[in-house]
Amino acid sequence: MSSNNNNNNNNNESGFEYWRRTLQYRTGLGLTSELKESYEKDYGSIINRKNCEECYKYRDWMLQYSPTVIFMIQQIEKLSRSDPKYSEIVHKLESNLNLDNSASTSDLSKELNTVDKNITNTNIFNPSKQIICDICPDMTKSGGFHPMFGILICANRLKDKWHLEDTLSHELVHYYDNIKFKVDWLNLKHHACSEIRASTLSGECRFMQEFSRRMGVMKISKGFQECVKRRAILSVMGNPNCKSKEHAEKIVDEVWESCFNDTRPFETIYR
């Protein structure tokens with residue numbers, strides 16, 4: 001039987017057949033190296049697909065119901081409207097939508113696609129396109145931000161939807177900072193400041209979260225600050241311009257006071 005037929009069988013096999021393969025894998029009875037590799041590949045694909053589906057479900061829930069996520073998106077959208085290209089793009093979009101009846105559907109589609117591309121090249125925020133769930137090979141992170149592409153949530157690293165809320169809130173602070181402060185992400189002080197703010201404002205270092213993460217081993221006094229500083233140092237260490245852990249610690253210390261106390265766009269530390 002050809003490999004294409006095998007792949008089709010794996011994708012469409014019945015629940016009973018997958019159950020049989022699972023038992024064979026667990027018990028080792030009649031399990032060859034090829035069958036073992038095939039099962040692991042299929043199982044991994046199933047888990048990854050389920051993780052991504054769940055991640056998007058959690059993302060959509062947070063976009064509707066999380067006070068922190070909703071507030072951050074509102075603030076990002078306000079900043080987006082200060083983009084010089086914003087009014088130009090909106091005006092063009094409105095013009096396209098008001099085209100007379102003589103305009104063909106294909107012409108309108110082309111115009112809207114052009115507008116959509118222009119929006120992508122500005123600071124205008126589109127959560128459904130710029131908050132993406134995917135499988136991440138780096139098992140030390142649960143998300144990331146890129147100034148050109150937006151926010152990535154690592155579906156294979158999420159513990160639950162509240163973990164996604166912390167992660168998404170963290171990355172939204174980066175998104176906000178990138179627009180508000182014109183962050184140079186290769187500048188270590190800029191990077192460190194945004195990491196300090198993101199960990200401070202996202203809720204990922206609140207007492208119960210950190211207590212659970214470190215299995216109860218943490219200092220009550222200044223535990224929050226230590227968590228923020230530790231996470232900022234780890235992130236800065238990943239910057240290509242950072243020479244060592246000591247270098248990252250020095251940079252974080254230099255910007256700590258001003259960045260830790262800068263709670264914009266919140267009035268105070270909300271979470």
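Every value quoted in this text rests on a predicted model; they were computed, and no experiment measured them. (Residues numbered from 1 in each chain as written. Predicted model: local features only at pLDDT ≥ 70, side-chain atom pairs only at ≥ 80, totals over all residues. Heavy atoms only, no water.)

J.: Can you help me understand the pairing of strand 2 (residues 143-146) in this one?
T.: As a general feature of sheets, a regular strand has side chains that alternate between the two faces. Judged by which residues are buried, strand 2 turns out to be one-sided: Gly 143 and Phe 145 face inward and are buried, whereas Gly 144 and His 146, on the alternate face, are not. Bridge analysis of strand 2 against strand 3 (residues 150-154) gives 4 bridges, and the strand direction is antiparallel. Its bridge partner being in strand 3, Phe 145 is matched across the sheet by Ile 151. Taken together, strand 2 and the strand that follows it, strand 3, pair antiparallel across an intervening segment of 3 residues. (Buried < 20%, exposed > 50% of the residue type's maximum accessible area, 1.4 Å probe, protein only. Helix = DSSP H or I, 4+ residues; strand = E, 2+ residues; numbered from the N terminus. Pairing = 2+ DSSP bridges.)

J.: What am I meant to see in the nonpolar core here?
T.: A general trend in soluble globular proteins is that nonpolar side chains are found buried together. Of all hydrophobic cores here, the largest spans 29 residues; its most connected members are Ile 151, Ile 153, Leu 164, Leu 168 and Leu 172. Sorting the residues of this core by element identifies helix 3 (33-65), helix 4 (67-80), strand 1 (131-134), strand 3, helix 8 (161-180) and helix 9 (188-202) as the ones contributing at least two each. Residue contributions to this core peak at 7 residues, all from helix 8. Within the second largest apolar cluster, 19 residues are counted, among which are Ala 192, Phe 224, Val 228 and Val 252. (Core = buried A, V, L, I, M, F, W, Y, C linked by side-chain atoms within 4.5 Å.)

J.: How should the state of the cysteines be read in this particular structure?
T.: Each disulfide consists of one covalent bond between the sulfur atoms belonging to two cysteines. Throughout the structure, instances matching the rule amount to 4 disulfides. The disulfide partner of Cys 55 is Cys 133, and the gap between their sulfur atoms is 2.1 Å. An S-S torsion of about -75 degrees defines the bridge between Cys 55 and Cys 133 as left-handed. Taken as a pair, Cys 55 in helix 3 and Cys 133 in strand 1 lie far apart in primary sequence, 78 residues in all. The residues Cys 55 and Cys 133 share a single accessibility class, namely buried. One disulfide in the model links Cys 205 with Cys 227; its S-S distance is 1.9 Å. (Disulfide = S-S within 2.5 Å.)

J.: I would appreciate a short explanation of unusual backbone geometry in the present structure.
T.: Note on backbone geometry: most residues besides glycine have negative phi, and most peptide bonds are trans. In the segment running from Arg 264 into Pro 265, the intervening peptide bond is cis, with an omega of 5 degrees. The topology assignment puts Pro 265 in the segment after helix 12 (245-260). In this model, Lys 182 sits at a positive phi of 50 degrees, which is unusual for a non-glycine residue. Inspection of the secondary structure assignment puts Lys 182 in the loop between helix 8 and helix 9. Assessed through its relative accessible area of 59%, Lys 182 is described here as exposed.

J.: Is there a simple way to think about the packing of helix 4 against helix 8 in this case?
T.: The angle between the axes and the distance between the axes are what describe a pair of packed helices. Remark: helix 4 packs on helix 8, axes separated minimally by 10 Å, with the N-to-C direction vectors making an angle of 15 degrees. Here helix 8 runs roughly parallel to helix 4, going by the angle between their axes. In the crossing of helix 4 with helix 8, the sense of the turn from one axis to the other is left-handed. For the pair helix 4 and helix 8, the contacting residues are Thr 68, Val 69, Met 72, Ile 73, Gln 75, Ile 76, Leu 79 and Ser 80 in the first and Glu 165, Leu 168, Ser 169, Leu 172, Val 173, Tyr 175, Tyr 176, Ile 179 and Lys 180 in the second. For the contact of helix 4 with helix 8, the class distribution of residues is 11 nonpolar, 4 polar and 2 charged. (Axes fitted to C-alpha atoms, helices over the stretch in contact; angles between N-to-C directions. Parallel < 35°, antiparallel > 145°, perpendicular 65-115°, else oblique. Left-handed = near helix turned anticlockwise from the far one by under 90°. Contact = heavy atoms within 4.5 Å. Nonpolar A, V, L, I, M, F, W, Y, C, P; charged D, E, K, R; others polar.)

J.: I tried to follow the sheet that holds strand 2 on my own but got confused; where do I start?
T.: Two orientations exist for strands paired in a sheet by backbone hydrogen bonds: parallel and antiparallel. If you walk across this open sheet you meet the 3 strands as 1-3-2, and the pairing is mixed. Two strands lie at the open edges of the sheet, namely strand 1 and strand 2, each paired on one side alone. Neighbour to neighbour, the strand axes of the sheet diverge by 20 degrees on average, direction disregarded. Pairing analysis gives 4 bridges linking strand 1 to strand 3, with the strands arranged parallel. Paired with Cys 133 across the strands is Ile 153, a residue of strand 3. Sheet strands touched by helix 3: strand 1 and strand 3. Its angle to strand 1, the strand with the most contacts, is close to 155 degrees. Against the sheet, helix 8 makes contact with strand 1, strand 2 and strand 3, and its axis sits at roughly 160 degrees relative to strand 3, the strand it touches most.

J.: Is there a simple way to think about the packing of aromatic side chains in this case?
T.: The relative placement of two aromatic rings is captured by the distance of their centres and the angle of their planes. All chains considered together, the criterion is met by 11 aromatic pairs. Judged by centre distance (4.6 Å) and plane angle (25 degrees), the rings of Tyr 25 and Tyr 39 are stacked. In this pair, Tyr 25 sits in helix 2 (residues 15-27) while Tyr 39 sits in helix 3, placing the two residues 14 residues apart along the sequence. According to the relative accessible area criterion, Tyr 25 is partly exposed, its value standing at 21%. In this structure Tyr 39 comes out as buried when scored by relative accessible area, which is 3%. Here a set of aromatic residues connected by ring pairs shows up, and it is made of Phe 125, Phe 145, Tyr 175 and Trp 185. (Phe/Tyr/Trp six-rings, centres within 6.5 Å; stacked < 30°, edge-to-face > 60°.)

J.: Is there a simple way to explain the side chain of Thr 167 in this structure?
T.: By the element assignment, Thr 167 lies in helix 8. For Thr 167, a relative accessible area of 4% translates into the label buried. Residues contacting Thr 167, with those up to four places away along its chain left out, are Ser 142, Gly 143 and Ile 153.

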